[in-house]
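Here are the chains, one letter per residue:
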Amino acid sequence: MADNAPRGAVISLGGTIAMTAQTEGGATPTLSADDLVAAVPGLAKTGIEVEVHDFRRLPGASLSFADLLELAVLVETLAADGVDGVVVTQGTDTIEETAYLLDLLTTGDTPVVVTGAMRNASMAGADGPANVLAALRVATSTEARGTGCVVVFAEEIHAARWVRKTHATSPTAFTSYPGPIGYVAEDRVRIMARPAPSLTFDPRSATAAARTAIYTVGLGDDGALLHALGDHVDGLVVAAFGAGHVPMACVDGLNDLAKRMPVVLATRTGSGPVLRHTYGFPGSESDLLERGLISGSTLDPVKARILLQLLLMTTADNDQVAQAFSALS
């Protein structure tokens, strides 16, 4: 490798991209980070010097906050050591959560890219190698510096705070609103938009025990489950109808919970903002905010829970949680 060759690090957490089908039963994580990199066609021609790190071999659904806090420390260490960019490979089930968590836990301009695969390595048309190649191109590009953590999938570049998995099986499962911030074409990274800088946390400071949950309201919800859930969590995200609305029967329960813990109001639609003063009926966004619920702004419920969890793990009180969410708008 030339002395000025771009340096990329690949950290493997497991997931479908690292899975192969077994003779009995379904696919399980068996491939190392070395195996993943070795399977990428055309990587040598890019001139990228790649170092690999086997970090976990877990399905995406089994990753924990402890795993990802430790991962964030490793990413920061690699950035301080001078790598040009970091690629994290993992299961697609929780990519949107990992990416947003890393967006909140990493600082500086070093690109951090999360990717994976919808088809395991034993399947025809496995998409892992192409996604790793595109992710390495983005991670080691000067164009991607300063964009925060991104998800690269199917040669599209999505900002961590907007990306969502919107299909259970499609290779183009990852989408975002208002859209990708860039893409990879003809081996070139093209960034079309740059998100505003996000809040950041020191991963070493997130040491307090905390439990958070998402409560999704539904048609005819009588609020009974809210009371039961409130006894087991330190903070709650409400995935509300539309622009921040709940059934009238849920109002008293949410009012009581908001006096005891941070309760964040998000929209279950997955995109668009929680409004503040458009509607005025009981259970409307203005009614709930007046009762002490905290607006999740444009964060979907999954991302709102990630931010709430981090805030509580860093011992933020209710006012500090409200201030952090207010900064999003």
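Here, the structure is the one placed above.
Basis of the calculations
Throughout this description, residue numbers start from 1 for each chain and increase along the sequence as written. Residue-level local features of this predicted model are given only where pLDDT is at least 70; pairs of side-chain atoms are given and counted only at 80 or more, and the full residue set underlies all totals for whole chains, interfaces and linings. Note: side-chain values were computed over all heavy atoms of the structure, leaving out hydrogens and water. Here, nonpolar core means buried Ala, Val, Leu, Ile, Met, Phe, Trp, Tyr and Cys residues that are tied together by side-chain atoms lying within 4.5 Å of each other. Accessible area is worked out with a 1.4 Å probe on protein chains only. A residue is then buried under 20% of its type maximum, exposed over 50%, and partly exposed in between. Numbering of helices and strands runs from the N terminus; a helix is a DSSP stretch of H or I covering at least four residues, while a strand is a stretch of E covering at least two. We define a salt bridge as a side-chain nitrogen of Lys or Arg found within 4 Å of a carboxyl oxygen belonging to Asp or Glu. Only strands joined by at least two bridges in the DSSP assignment are considered to pair. Helix axes are fitted to C-alpha atoms over the stretch in contact, other axes to C-alpha atoms as well, and angles between N-to-C directions run from 0 to 180 degrees. Contact between two residues is taken to exist if any of their heavy atoms lie within 4.5 Å; hydrogens are not considered. Reported orientations rely on four angle classes, namely roughly parallel under 35 degrees, roughly antiparallel over 145, roughly perpendicular from 65 to 115, and oblique for the rest. A clockwise turn of the near helix away from the far one marks a right-handed crossing, whereas an anticlockwise turn of less than a right angle marks a left-handed crossing. Residues are grouped as follows: Ala, Val, Leu, Ile, Met, Phe, Trp, Tyr, Cys and Pro are nonpolar; Asp, Glu, Lys and Arg are charged; every other residue, Gly included, is polar. By the criterion used throughout, a crossover qualifies as right-handed when its path from the first strand across the helix to the second strand runs clockwise, the strands pointing away from the viewer.

Caption draft 1: Broad picture of the nonpolar core. Residues Leu71 and Phe325 are the most contacted members of the largest nonpolar core, which totals 51 residues. Per-element accounting of this core gives the leading share, eight residues, to helix 9 (residues 301-313). Membership of the second largest hydrophobic core comes to 27 residues, among which are Ile48, Ala135, Leu136 and Val189.

Caption draft 2: Quick look at the pattern of salt bridges. Scanning the entire structure with this criterion turns up 12 salt bridges. Its salt-bridge partner being Asp187, residue Arg137 comes within 3.3 Å of it at the nearest N-O pair. You can see Arg137 sitting in helix 5 (residues 128-139) and its partner Asp187 sitting in the loop between strand 11 (182-185) and strand 12 (188-191), a full 50 residues away along the chain. Accessibility expressed as a relative area gives 55% for Asp187, which makes it exposed. Linked through salt bridges whose partners overlap, the residues forming this network are Arg56, Asp67 and Glu70.

Caption draft 3: Quick look at the sheet that holds strand 4 (residues 49-58). Across the sheet, which stays open at both edges, the eight strands sit in the order 4-1-5-6-7-8-11-12 with mixed pairing between neighbours. Each edge of the open sheet carries a strand with a single partner, namely strand 4 and strand 12. The average angle at which neighbouring strand axes cross in this sheet is 25°, direction not considered. Helix-sheet contacts for helix 3 (residues 65-80) involve strand 1 (7-14), strand 4, strand 5 (85-89) and strand 6 (112-115), and the interaxial angle to strand 4 is about 170°. Relative to strand 7 (residues 149-153), helix 4 (residues 95-105) is tilted by about 150°, and along the sheet it contacts strand 5, strand 6 and strand 7.

Caption draft 4: Seen up close, the sheet that holds strand 14 (residues 235-240). Read from one edge to the other, the open sheet built from four strands follows the order 13-14-15-16, with strand pairing classed as parallel. For this open sheet the edge positions go to strand 13 (212-216) and strand 16 (294-295), each flanked by a neighbour on one side alone. Taken together, the five bridges between strand 14 and strand 15 (residues 263-267) define a ladder with parallel strand orientation. Opposite Val238, over in strand 15, you have Leu265 as the bridge partner.

Caption draft 5: Quick look at the packing of helix 3 against helix 4. Running from N to C, helix 3 and helix 4 point in directions that differ by 50°, and their axes come no closer than 10 Å. Comparing the axis directions of helix 3 and helix 4 gives the class oblique. Regarding helix 3 and helix 4, the two cross each other, and that crossing is right-handed. Across the interface between the two elements, Phe65, Leu68, Leu69, Leu71, Ala72 and Glu76 from helix 3 touch Thr98, Leu101, Leu102 and Leu105 from helix 4. When its residues are assigned to classes, the contact of helix 3 with helix 4 shows eight nonpolar, one polar and one charged.

Caption draft 6: Spatial organisation of the pairing of strand 15. Judged by how many residues are buried, strand 15 sits mostly within the fold: five of five residues are covered. Alternating residues of strand 15 divide into Val263, Leu265 and Thr267 and Val264 and Ala266, and every residue in both groups is buried. Running through helix 7 (residues 251-258), the crossover from strand 14 to the neighbouring parallel element strand 15 is right-handed. Examined bridge by bridge, strand 15 and strand 16 share two bridges and lie parallel to one another. By the bridge assignment, Val264 is partnered in strand 16 with Ile294. Crossover handedness for the path strand 15 to helix 8 (residues 285-290) to strand 16: right-handed.

Read these as spatial facts, not as claims about activity.
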